[in-house]
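Chain by chain, the residues:
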Amino acid sequence: MYSAEFLNDDATGWSAVACLEIPTPQRPGCRSGTRVGIRDRDGAPLLRIDVFHEYDSFNSELRCSNEVVVIGVATAFHVIWPERREVRSTEVGWYICEMQQPWEMGLDADAFGLLISSSNALWHLDSSGQELWRVDDLGIDGVVISDVRQGVVHGSGEWDPPGGWLPFEVDLRTGRVLKNAGKSG
């Protein structure tokens, strides 16, 4: 499995490592950003990622699997295939809320790939970084994942900030919304 870490501004020990730059779509010349160091399966530095973004991020997330590294920062998440030096970026709207892998919820590693939530949406990626589904309109100022039980993603979306959180349920396999209290009535 790859490992990755957020690097401080001086990126000590990472300056000689190959670097991929991910520009911001909002302002391609923007030089404010986040640096991530990716290590190979043996722990050796493999690749540095410099993610440029226009807005500061109040939440930065980083997850790894055997095939990909996913960075969630500011208004996007980026799936990186380190060996191939490939990146796929997905804009999420206002901001990234959280990322969850199965073992973080006490589930078997193969229960699902990765769940990513944003200010209003939820994505399910498989372990190779491919998007399986996306569900929009689960909130307007935050979507959080509570747990996954019996093939259903349970969470809450904030519909009336601050504090107006309402529950939702989404089928893990299909992405079909089973319940969305924020969209009822």
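Note that the structure is predicted; figures quoted are calculated from it, not measured.

Novice: Any chance you could break down unusual backbone geometry for me, citing the residues and the numbers?
Specialist: Residues proline 161 and proline 162 are joined by a peptide bond in cis, for which omega reads -5°. Structurally, the position occupied by proline 162 is in the loop between β14 (152–160) and β15 (164–171). With a phi angle near 60°, aspartate 137 is a residue other than glycine that sits in the positive phi range. Along the chain, aspartate 137 falls in the loop between β12 (131–135) and β13 (143–149). With relative accessibility at 39%, the residue aspartate 137 sits in the partly exposed group. Within the chain, glutamine 150 stands out as a residue other than glycine whose phi angle is a positive 50°. Classification of glutamine 150 by relative accessible area gives exposed; the value is 83%.

Novice: Tell me about the pattern of salt bridges, and please be specific about residues and values.
Specialist: Considering all chains together, one arrives at nine salt bridges under this definition. With a closest N to O distance of 3.1 Å, arginine 39 and glutamate 5 form a salt bridge. Residue arginine 39 is found in strand β3 (residues 33–39), and its partner glutamate 5 is found in strand β1 (residues 3–7); the two are separated by 34 residues along the sequence. Relative accessible area serves as the criterion here: at 23%, arginine 39 is assigned to the partly exposed category. Residue glutamate 5 is classed as partly exposed on the basis of its relative accessible area of 30%. The salt bridge partner of glutamate 83 is arginine 41, with a shortest N-O separation of 3.8 Å. With glutamate 83 in the loop between β7 (76–81) and β8 (86–91) and arginine 41 in the loop between β3 and β4 (45–52), the pair connects residues that are 42 residues apart, well separated along the chain. Assessed through its relative accessible area of 49%, glutamate 83 is described here as partly exposed. Three or more residues joined by partner-sharing salt bridges are found here, namely Arg35, Arg48 and Asp50.

About the criteria used
- Residues numbered from 1 in each chain as written.
- Predicted model: local features only at pLDDT ≥ 70, side-chain atom pairs only at ≥ 80, totals over all residues.
- Heavy atoms only, no water.
- Helix = DSSP H or I, 4+ residues; strand = E, 2+ residues; numbered from the N terminus.
- Buried < 20%, exposed > 50% of the residue type's maximum accessible area, 1.4 Å probe, protein only.
- Salt bridge = Lys/Arg side-chain N within 4 Å of Asp/Glu carboxyl O.

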